[in-house]
Structures are given as C-alpha cells and as structure tokens.
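# A structural walkthrough
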Amino acid sequence: MAARLSGAAVVCAVCALGSFVGPRPPAALGESRPRYGGGAVGTLLGEPTTIDPVAVRSHADAAVVGLLFETLYEVGSDGVVYPQLAAALPEIEQDRARIALRPGLHFQDGSSLTAVDVVATLARVRASQAAGWLLVSVTDVTVDGDAVVLTLSSPRKDLARLLATPWTAITPRGLAPKKDGPVGAGPFRFTGRKKDRLELEFWEGHTAGRPYLDKLTLRWFDAADDEAQLYETGGAHWSLRGATRFAGGSPKHPTTELESPATLLVFVGFGQAHADVLADLDFRVALDRALARGGLATVGTGERAVPAADPVPVDLGGPALSAAAADPRLAEAETALARAAGRVRSLKKDRIGALVLEILVADSRPDDREVASRVVRALDKLGARATITAVSAGDLARRVSSGACDLYIGQASAELATPAMIYAQAFAFAGDRASADKLAGGAITGVHMRETFAARLPIIPLYHRAVRLHHRADLRGAWFDGSARLGVAELFVWPSR
Amino acid sequence: MPGDVAASRPPSPFVPTPAPDGGGGPGALWRVVAEAFDAASAEREPPPRPPVPVPVKWKARRVASLDLGAPLLALAAGDLDGDNQAEVVALTERHVVVLRPAARGLAEVARAALPSDPASIRPRDAVGTVVIAHAAGAPSEIRARASTRGRGGRWVLEGKTLREVGSVLAFPLCADVAADLVPGRNYFAGGPGGADVKDPSIGFYTARCRDDVVDRAGRALRAQATVELGGGVTVALETRCAARDASCTPHRELRVEGVGVALELDDVDHDGTIELITSGAGAPGDADAVVVWNLGEGGVGKKPVFRRGFSGGVVGLVSGDVDGDGDREVFAAVRLMGARKVDIWLLD
C-alpha cells in the first residue's frame with residue numbers, strides 16, 4: 001500500500017509542477033555579499049623598490065609585500081591582531097612562545113607552507129642587518145611538529161604584533177624571493193612588472209580567502225599630476241594624489257574618498273658623502289631647528305599632514321608639535337651650528353658657503369621634491385647650499401643603503417604602534433642597529449626613549465601624513481590599517497545602478 | 001546548479017513507533033513490524049486542519065540593542081527547552097548565543113564558544129549558518145558552523161548552559177540540508193541538494209527552510225528558499241497531497257529578485273500562505289530594507305506586504321513564537337558592517 005501511494009504522489013507531482021516568477025523589489029537597497037571578479041587599476045605611493053620582505057622601507061614596498069606574501073598574524077581593521085598563517089595567538093610560557101600553524105597551508109606554487117619555512121624565514125629576519133632589530137628578543141626559533149617555538153630573552157606581549165609586520169612575511173624555505181617570479185602565500189600572485197606598473201592576479205588558495213578582484217594593476221608616476229589625470233579620465237579605479245588634475249575638475253566616474261590615519265612619517269635621512277658634516281649631532285640639531293615645519297601641513301594633495309619633530313605620530317599618542325617648534329628657531333640653530341663648527345672645519349662661517357649638499361628624492365614621490373625644497377631653505381638659513389636630485393626609487397634605495405648620498409627624503413610607515421618600536425625603526429632606518437636593538441629589546445624605556453632619540457637624531461622627522469584614497473564609487477570595501485596601508489584584498493566591484 | 005532546489009516532501013506528522021534495541025527474536029520482529037508501520041504511516045495523510053488566520057500588523061519596532069561580542073552571522077529560532085516558547089539563537093564569528101524575551105526585548109541567557117579548530121581556508125567575509133533541529137524523543141539541538149572555524153558544533157540547552165554534544169562539518173542550512181563553502185569564497189558549492197559541481201563559480205549564498213506550516217486547506221507544506229549568487233531567490237513549495245486530491249499542487253517554484261542573504265520563511269498570519277521575509281541585495285555596507293512577500297497560490301504578490309528601510313544592514317531575520325502565545329514573532333537584526341552591536345527589531 002505504501003508503494004502504491006508513493007507512486008501516485010510522484011505522478012501527481014510531475015503533472016502539477018508549477019513555476020512562477022515574482023517581481024523585483026522597488027529599490028536596490030540591501031546587504032548581500034561581496035562579489036568576485038573584475039579588475040582594478042590603482043596606484044602606489046611611489047615606486048616599490050623591493051619585493052623582499054626583509055628589505056621593506058617605504059609605504060609602497062610594504063604595500064606590495066603585503067599583497068604577495070603572508071605573515072603569521074595580521075592587524076585587522078579594528079586594530080586587533082588576528083591569526084593569519086598561525087592557528088591561534090602565541091602560547092607563551094616563560095621564555096618560550098609556541099605558535100601552531102593552520103592546517104593545509106600552501107604557497108602560490110602549490111608547495112606546502114610548513115613550520116620549516118616559518119623557522120627559516122624568521123631566522124633570516126633575525127640575521128638581517130635591516131630587520132634583525134625586530135626580533136632582537138628572540139634568541140632561537142625551532143620547529144615543533146606543525147608549530148614553531150620561539151625562545152625569548154624577555155617576555156613579549158607584542159610578539160604577535162611583531163609577527164604581523166611585513167618584514168616577517170613568510171617565504172619558501174626562508175629564501176629571498178626571485179625578482180621576476182616571487183612566490184609567496186599572499187592574496188595576489190605576481191604576473192609581471194613594467195617600468196611604471198606591477199601586474200597581479202588573485203590567488204584562490206589564500207588562507208584568508210580569495211581576494212574579490214581578479215586582476216590588479218598597481219601604478220606609479222614621476223610627474224606630479226599624472227596620477228590625478230589618469231583617475232580623472234577614467235583610467236584608474238583609485239588615486240592617492242587627488243581625483244582631478246585641476247581644482248574644480250570633475251572625475252569621469254562618481255567618486256568617494258577615504259583617508260587613513262596620519263601615521264606615515266616623512267623624514268630627512270643622512271648619508272655618508274660628507275660624513276664629517278652629516279654625522280655631527282649639532283649640525284643635525286641646527287638643521288632640525290632651522291626647519292619651518294609649520295608649512296609642511298600644506299604639502300600634498302589635500303591629505304592630512306601633521307608636522308612633527310618626533311617619529312611617534314600624534315595619532316598613535318606621540319607629542320604634538322608646539323607652536324614654537326612649528327617655526328624656525330634660528331637662534332638655537334645658529335648656536336648648534338657654532339658648536340658643530342668647532343669640530344667640523346667645513347661648517348665654519350668662512351667655509352660653510354662652499355658646502356653644497358645633495359638631497360635625494362624618489363622621482364615617483366612628487367611630494368618629496370616639495371619637502372626637499374623646504375630642507376634646502378633651512379640649509380640656506382644656516383649658510384649652506386643644497387641641490388635636489390630626483391632619482392628612481394631603486395637608485396635612492398641603493399644609494400641610501402650604501403651611504404652614497406648626503407641627505408634624502410625618506411618614508412617610514414608605522415608598522416608597530418608602540419613608541420619603543422617606532423623609535424627603534426627610526427634608528428634601524430639610519431643604520432644604527434645597536435640603538436635599534438636596545439629600544440626594541442626594552443633596554444631603553446619611558447622618557448629615556450625620547451632622550452635617546454634627541455641625543456642622536458638618527459633621522460629628522462618632518463611630518464606625519466595620511467593617505468587619502470579617491471576611488472570610484474563602484475569600487476567597494478576600502479579600508480586602511482593603522483600604518484596607512486590600503487586593504488586591497490577586500491576591494492570588490494559593485495556596479496552602480 | 002543555483003536554484004535547483006532540492007526541497008523534500010513535508011515530513012510525516014506521525015510520531016515514530018518506539019523500537020528499542022535488544023529483545024532477541026521478539027524484539028527483532030517488533031522492530032520489523034514498527035518499521036513497516038512507520039513506512040505506511042509516512043504515506044498516510046492526516047485529516048487536514050485548515051489554519052485559523054490571525055490579524056498581523058507589520059510594524060518595525062526596535063526592542064533590543066545587543067553587544068554580541070563579535071559580528072553576527074545568522075539567526076535561528078526554536079524551542080530548545082520544551083517550554084513551548086522559542087528561543088532565538090544568534091551565531092557570531094566566535095560564539096553561539098541564546099536569547100530569550102526580557103522586559104520588552106531580548107536578552108542573552110546562554111553562550112558557548114565555537115570550536116577552536118582553525119579553518120584552513122576561509123572566505124574573506126565570514127559566513128555562518130545555524131539551525132535548530134527537532135528530533136522525536138530528544139531535546140532540540142542547535143547546529144551551527146561559522147567559516148571562522150574549521151568545524152561546527154551541535155549544542156543543547158541545559159538550564160542556562162549550552163552543552164556541546166557533537167560536531168558538524170558541513171554548514172547546516174535546514175534540519176536536513178547542509179552544504180560546503182567553495183574554499184576561500186563566500187558562497188556554497190553547487191546546489192543545496194548536494195549537487196557535486198566542480199566549477200567554483202557556481203553556487204548559492206544560502207538556503208532556508210520551513211516545514212511546520214500548512215496551506216489553506218490544512219495540508220502540510222514545506223518551503224525551501226535558495227538565494228542565488230545573482231541575488232535572486234527561488235522558493236520551492238512542496239505540499240503533502242493526498243492521493244485523490246486533484247486540487248493539490250505538490251510542487252511549485254516561485255522566484256523573487258533582489259534578495260539579500262538574510263531571509264526567513266513562515267506563515268506569520270496563519271492564512272495558509274507563506275510569507276517570504278527578505279533583506280535586500282545591495283552592496284555590503286549600504287542601507288538595507290526588510291521586505292515581506294506573500295507567496296500565494298497564484299505566485300508572488302505583485303506588491304510586498306510590508307517594506308521597511310534601515311540605515312544599517314539586515315544581517316539576520318528569524319520568526320518564532322518566543323512568548324508562547326501561539327503567534328509568531330518576526331525579528332530583524334540590523335547592524336553596521338563589522339560591528340559587534342546589533343539592533344533587534346520586532347516586525348509584527
């Protein structure tokens with residue numbers, strides 16, 4: 001009986017199958033999920049000089065490394081540190097921190113990402129001159145099954161945060177990536193590089209999910225208005241240097257804006273071409289006091305710029321620049337210069353006029369030329385002359401790392417939000433590993449950090465800037481992290497109606 | 001394929017015959033007889049009991065503002081403790097939270113952490129599903145999984161404690177339907193019926209079922225709504241037709257466009273037609289709206305029964321008899337993108 005009834009029900013179901021099409025809701029309101037697909041042409045804050053995580057120096061370097069490679073942890077849009085390649089936050093017991101990895105991790109070439117790769121990467125970071133300060137508290141890194149164990153010289157509450165910085169991004173077997181074919185575990189794969197752009201495509205196997213965009217072109221420019229012009233005419237999905245070439249212009253596509261915190265430090269760095277002059281603390285103090293920092297608030301294309309004499313951004317609790325310090329303090333500058341002149345002959349009054357210093361700027365960071373011109377004016381007040389030389393970002397990096405320059409305009413993104421680590425980064429950028437290690441290792445704390453910085457002036461902070469994103473309204477999901485980096489992997493296209 | 005909805009026939013209303021293990025030869029014989037009896041019962045139709053309509057006035061009223069500790073992913077409702085009052089269950093990226101009426105709104109009564117197993121590849125925007133499964137002779141249980149974890153869990157409510165009683169690997173969409181996410185993406189693979197589709201671009205956002213309602217004539221009705229990637233929803237309606245009931249349409253499919261991932265199905269006004277309660281299909285972060293459609297015998301109503309806009313996104317919709325008065329209450333959870341705090345709105 002059961003079979004007979006069931007068969008009848010099936011026959012009835014087939015004969016009475018109905019289908020209806022309903023109406024569409026009256027408005028396009030709502031909240032669905034981001035869609036996959038499409039591509040975007042965007043811009044970087046200059047030409048990236050490296051894709052090697054341990055060599056990251058500029059905002060553009062960090063942005064590119066963050067897309068190609070992955071770290072054990074990440075800092076979310078809420079400022080909280082989350083596990084990325086790691087399965088959980090570090091389990092810290094006394095001097096050991098155990099970090100388990102997520103199961104089934106891979107690199108973009110399909111090879112497995114294991115604890116061996118993590119150990120090798122962290123060992124390379126520790127051994128590197130540029131980034132070793134970051135892990136100065138780590139005395140050993142070993143494999144423990146599917147986990148890594150870090151031996152610490154002192155407890156580090158910020159260990160996960162350290163391991164979220166681009167310098168610690170994991171590479172296969174800890175090796176430096178190949179320039180023409182880097183393999184990482186980041187959300188995008190490298191597909192090519194041309195003179196003014198980088199081509200990337202999505203990677204399906206990223207542990208935090210496939211990025212929404214299929215393809216990404218990241219461009220940079222050496223002329224001040226080219227980026228805005230490209231955006232204005234519809235050639236790019238976002239611009240970091242304005243939406244239109246001229247005030248009053250109108251971009252081709254509806255546009256919205258988003259601004260990051262002002263945490264990107266622009267500074268004057270020192271080379272060794274005139275080592276006797278540039279290494280002299282009083283000369284640095286004289287230059288520092290002669291700068292008219294107040295005027296730096298207007299540099300750029302409308303993004304927030306906060307003049308600063310301290311590397312710690314106001315947005316991260318750093319000291320605000322006093323009104324007096326915003327203007328040149330020439331009396332203090334001349335006093336310091338006089339002290340310097342007592343040691344350095346070329347700074348004596350009758351000789352300083354013959355001193356010509358070269359200020360290097362990256363040609364793909366047009367704002368830096370304007371910044372450099374203000375440094376020239378400060379040097380002029382001291383009686384010295386200076387020239388500005390725009391070079392490619394690669395040349396700038398090479399000359400800075402070899403010391404083959406006088407002064408340069410540099411960038412330092414606040415990858416670590418604590419004053420100690422920001423001061424340490426400043427010393428590391430200046431090549432002073434000993435001081436960087438002391439600061440990063442906690443040997444110098446409290447007010448002594450600022451005193452140490454003032455006593456050495458490894459770099460001269462100029463201002464902290466934000467990054468203002470002008471983007472097409474149909475490009476959604478934009479956000480900045482605390483270091484003013486754009487969350488590119490979360491961008492998606494949502495056509496306007 | 002998307003929209004290829006695999007809604008099953010409404011379940012039999014008859015309680016299964018007890019058939020305990022053991023008992024030797026007589027026990028085995030009893031189990032055979034019980035099984036045959038249940039099979040026959042499953043094909044029987046009980047006398048239809050037409051529903052008695054109740055007046056429903058759709059009106060949005062905010063009844064609670066809750067900090068759930070993590071972004072909300074999904075809502076479900078059901079009677080977890082057998083008191084004939086439904087609890088509302090909220091699934092967040094980190095917890096399962098049970099809510100009950102308190103004062104004029106809802107308040108938390110129990111919470112359990114999701115399993116700590118890490119997910120290998122998870123979607124960039126978190127996805128989660130939660131259902132309440134009822135089994136004869138056993139306490140109702142919560143089945144939930146969030147993409148933030150490597151597995152889901154099953155919980156029962158004991159007093160004010162949620163006890164985990166097992167795990168689930170697939171994402172539960174209905175009591176008898178589950179699906180897996182396309183690895184690394186924010187939608188489910190294939191169709192909700194379990195179709196094995198290799199193409200990662202084919203899938204659906206979510207599915208929702210309702211099988212404790214009857215049509216105008218009192219015949220058991222089951223509905224399953226499947227939200228497709230394009231934002232359309234297909235609703236499959238299965239009616240439990242008697243053998244000689246020529247007026248009964250056992251299977252119908254209806255379609256509504258522009259639907260978001262939060263939706264609910266229920267016959268809120270007990271008129272024998274199901275209401276489809278939806279969020280909108282706009283971009284994440286946009287303002288949202290709750291729209292109620294009547295799924296009548298002639299198809300989807302030309303105009304919605306109710307429409308209410310919200311400045312935030314509608315992340316969850318759920319109906320249940322939370323106060324035990326025999327009528328269903330419909331709740332919408334509204335929040336700003338990524339926020340831990342949600343506003344709970346009572347819609348009827």
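Since the model is a prediction, treat every value here as computed from it, not as a measurement.

Scanning all chains against the criterion turns up 14 aromatic pairs over all chains. Relative to phenylalanine 453 of chain A, the ring of phenylalanine 427 of chain A has its centre 6.2 Å away and its plane inclined at 80 degrees; by these criteria the two rings are edge-to-face. Of this pair, phenylalanine 427 of chain A sits in helix 12 (residues 419-429) while phenylalanine 453 of chain A sits in helix 14 (residues 447-456), and the two are 26 residues apart along the sequence. A relative accessible area of 0% places phenylalanine 427 of chain A in the buried class. The class of phenylalanine 453 of chain A is buried, set by a relative accessible area of 3%. On the numbers, 5.4 Å between centres and 65 degrees between planes, the contact of phenylalanine 171 of chain B with phenylalanine 188 of chain B is edge-to-face. Residue phenylalanine 171 of chain B is located in strand 10 (residues 171-174), and its partner phenylalanine 188 of chain B is located in strand 12 (residues 188-189); the two are separated by 17 residues in the primary sequence. Here a set of aromatic residues connected by ring pairs shows up, and it is made of Tyr36, Tyr212, Phe492 and Trp494 of chain A together with Tyr187 and Tyr205 of chain B. The ring of tryptophan 494 of chain A carries the charged tip of arginine 35 of chain A above its face, separated from the ring centre by 4.1 Å.

This part is about the state of the cysteines. All names here are of chain B. What the rule picks out here adds up to two disulfides over all chains. Each sulfur in the disulfide pair cysteine 174 and cysteine 209 lies 1.8 Å from the other. With the S-S bond torsion at 70 degrees, the cross-link from cysteine 174 to cysteine 209 turns out right-handed. A residue pair is termed long-range when its members are at least 10 positions apart, and cysteine 174 in strand 10 and cysteine 209 in strand 13 (residues 203-214) qualify at 35 residues. Taken as a pair, cysteine 174 and cysteine 209 share a single burial class, namely buried. Described in terms of the sequence order of its bonded cysteines, the disulfide pattern of chain B is 1-2, 3-4.

Residue and element names in this part refer to chain A. Examined at the domain level, chain A breaks down into domain 1 (70-176), domain 2 (190-261 + 479-493) and domain 3 (264-465). Taken together, the contacts link 16 residues of domain 1 with 14 residues of domain 3. Interface of domain 1 and domain 3: buried area, both sides summed, is about 1,200 Å²; carbon and sulfur atoms make up 63% of it. For domain 1, the biggest contributors to the area lost against domain 3 are Trp133, Arg161 and Trp167; these three give 48% of the whole. Counting across the domain 1 and domain 3 interface gives zero salt bridges. Taken together, domain 1 and domain 3 are joined by three residue pairs in polar contact (both at pLDDT 80 or more).

Residues and elements named next belong to chain A. The geometry of helix 7 (residues 281-290) relative to helix 10 (residues 366-382) is characterised by a closest axis approach of 9 Å and an angle of 115 degrees between their N-to-C directions. It follows that helix 7 is roughly perpendicular to helix 10 by the angle criterion. Once helix 7 is placed against helix 10, the crossing between them reads as right-handed. Contacts between helix 7 and helix 10 involve Phe283, Ala286, Leu287 and Ala290 from the first element and Val375, Ala378, Leu379, Lys381 and Leu382 from the second. When grouped by side-chain class, the residues that make up the contact of helix 7 with helix 10 number eight nonpolar, no polar and one charged.

This part is about helix 11 (residues 393-402) of chain A. All names here are of chain A. Of all the positions in helix 11, only Ala393, Gly394, Leu396 and Val400 are classed as buried. Angular distribution of buried residues about the axis of helix 11 spans 160 degrees; they occupy a single face of the element. Contact partners of the buried residues in helix 11: strand 16 (356-362), strand 17 (385-391) and strand 18 (407-413). Of the residues trailing helix 11, glycine 403 is marked for its positive phi of about 80 degrees.

What follows covers the nonpolar core. Membership of the largest hydrophobic core comes to 139 residues, with the highest contact counts inside it found for Leu72, Leu150, Trp238 and Leu379 of chain A. No other element matches helix 12 of chain A, which puts nine residues into this core. Those residues in contact with leucine 379 of chain A that lie beyond four places of it in its chain are Phe283, Leu287, Leu357, Ile359, Ala384, Ala386 and Leu407 of chain A. Among the nonpolar cores identified, the runner-up in size contains 29 residues, and Ala225, Leu237, Leu254 and Leu276 of chain B belong to it.

As a further point, take the sheet that holds strand 20 (residues 468-472) of chain A. Residues and elements named next belong to chain A. The strand order 12-20-13 describes an open sheet built from three strands, whose pairing is antiparallel. What marks the edges here is a single partner per strand, and that holds for strand 12 (238-239) and strand 13 (255-259). Pairing analysis gives five bridges linking strand 13 to strand 20, with the strands arranged antiparallel. Residue leucine 258 lies in a different strand from strand 20, and its bridge partner there is leucine 469.

Looking now at the environment of leucine 89 of chain A. All names here are of chain A. Residue position: leucine 89 is located in the loop between strand 4 (81-83) and strand 5 (91-93). With 277 residues separating them in the primary sequence, leucine 89 and proline 366 have C-alpha atoms 41 Å apart. In this structure, leucine 89 is in contact with Tyr73, Val81, Pro83 and Ala160, ignoring residues within four places of it in sequence.

Here the focus is the sheet that holds strand 3 (residues 87-92) of chain B. Residue and element names in this part refer to chain B. Taking strand neighbours across the sheet as the criterion, the four strands line up as 2-3-4-5 in an open arrangement whose pairing is antiparallel. What marks the edges here is a single partner per strand, and that holds for strand 2 (72-78) and strand 5 (105-113). Strand-to-strand twist in this sheet, taken as the mean axis angle between neighbours without regard to direction, amounts to 25 degrees. Both strand 2 and strand 3 contribute to a ladder of six bridges, which runs antiparallel. Bridge assignment links alanine 77 to a residue of strand 3, and that residue is valine 88.

What follows concerns a positive patch on the surface. On the surface, Lys57, Lys59, Arg61 and Arg104 of chain B cluster together into a positively charged patch. Relative to the helices and strands, arginine 104 of chain B is located in the loop between strand 4 (95-102) and strand 5.

All names here are of chain B. Here threonine 278 shows up in strand 18 (residues 274-280). By relative accessible area, threonine 278 is classed as buried at 0%. Threonine 278 has contacts with Val259, Ala262, Leu263, Ala289, Val290, Val291, Trp293 and Leu317, leaving out every residue within four places of it along the chain.

All names here are of chain A. Tallied over the entire structure, the rule returns 57 salt bridges over all chains. Between arginine 399 and glutamate 358 there is a salt bridge whose closest N-O contact spans 2.8 Å. Of this pair, arginine 399 sits in helix 11 while glutamate 358 is found in strand 16, placing the two residues 41 residues apart along the sequence. Across the pair aspartate 481 and arginine 485 runs a salt bridge whose closest N-O atoms are separated by 3.5 Å.

To continue, consider a nonpolar patch on the surface. Residues Leu29, Trp30 and Val33 of chain B make up a contiguous nonpolar surface patch of roughly 320 Å² in combined accessible area. By the element assignment, leucine 29 of chain B lies in helix 1 (residues 24-43).

Residue and element names in this part refer to chain A. Of all 10 residues in helix 7, eight are buried; the element is thus mostly enclosed. Of the positions making up helix 7, those classed as buried are Asp282, Phe283, Arg284, Val285, Ala286, Leu287, Asp288 and Ala290. Structurally, the start of helix 7 carries an N-cap: the backbone nitrogen of aspartate 282 is 2.9 Å from a side-chain oxygen of aspartate 280.

Take the confidence of the model for chain A next. Mean pLDDT over chain A stands at 91; residues scoring 70 or higher make up 94%. Note on residues 1-29 of chain A: pLDDT under 50 across the span, and 52 contacts to partners over four residues away in sequence or across chains.

The next subject is the pairing of strand 6 (residues 96-100) of chain A. The side chains of a regular strand alternate between the sheet's two faces. All names here are of chain A. Of the two faces of strand 6, the one lined by Ala97 and Ile99 is fully buried and the one lined by Arg96, Arg98 and Ala100 carries no buried residue. As defined by bridge partners, strand 5 adjoins strand 6 across three bridges and the pair is classed as antiparallel. Bridge pairing in strand 6 places isoleucine 92 opposite alanine 97. Counted along the chain from strand 5 to the antiparallel partner strand 6, the turn is two residues long, and its residue glutamine 94 has a positive phi close to 55 degrees. Relative to strand 8 (residues 147-152), strand 6 runs antiparallel, the two sharing five bridges. Directly across from arginine 96, in strand 8, lies its bridge partner threonine 151.

Cut-offs and rules
- Residues numbered from 1 in each chain as written.
- Chains lettered and ligands numbered in written order.
- Predicted model: local features only at pLDDT ≥ 70, side-chain atom pairs only at ≥ 80, totals over all residues.
- Heavy atoms only, no water.
- Phe/Tyr/Trp six-rings, centres within 6.5 Å; stacked < 30°, edge-to-face > 60°.
- Helix = DSSP H or I, 4+ residues; strand = E, 2+ residues; numbered from the N terminus.
- Buried < 20%, exposed > 50% of the residue type's maximum accessible area, 1.4 Å probe, protein only.
- Lys NZ or Arg CZ within 6 Å of the ring centre and 35° of its normal.
- Disulfide = S-S within 2.5 Å.
- Domains from an automatic or database assignment.
- Contact = heavy atoms within 4.5 Å.
- Buried area = accessible area lost by both parts, 1.4 Å probe.
- Salt bridge = Lys/Arg side-chain N within 4 Å of Asp/Glu carboxyl O.
- Polar contact = N/O pair within 3.5 Å; in protein donor to acceptor, adjacent residues only side chain to side chain.
- Axes fitted to C-alpha atoms, helices over the stretch in contact; angles between N-to-C directions.
- Parallel < 35°, antiparallel > 145°, perpendicular 65-115°, else oblique.
- Left-handed = near helix turned anticlockwise from the far one by under 90°.
- Nonpolar A, V, L, I, M, F, W, Y, C, P; charged D, E, K, R; others polar.
- Arc of directions from axis to C-beta.
- Core = buried A, V, L, I, M, F, W, Y, C linked by side-chain atoms within 4.5 Å.
- Pairing = 2+ DSSP bridges.
- Patch = residues over 30% accessible without salt bridge, like charges linked within 9 Å, V, L, I, M, F, W, Y side chains within 5 Å.
- Areas by Shrake-Rupley, 256 points an atom, 1.4 Å probe, with all protein chains shown as cover.
- Lys, Arg positive; Asp, Glu negative; His and termini not counted.
- Charge placed at Lys NZ, Arg CZ, Asp CG, Glu CD.
- pLDDT = per-residue confidence, 0-100.

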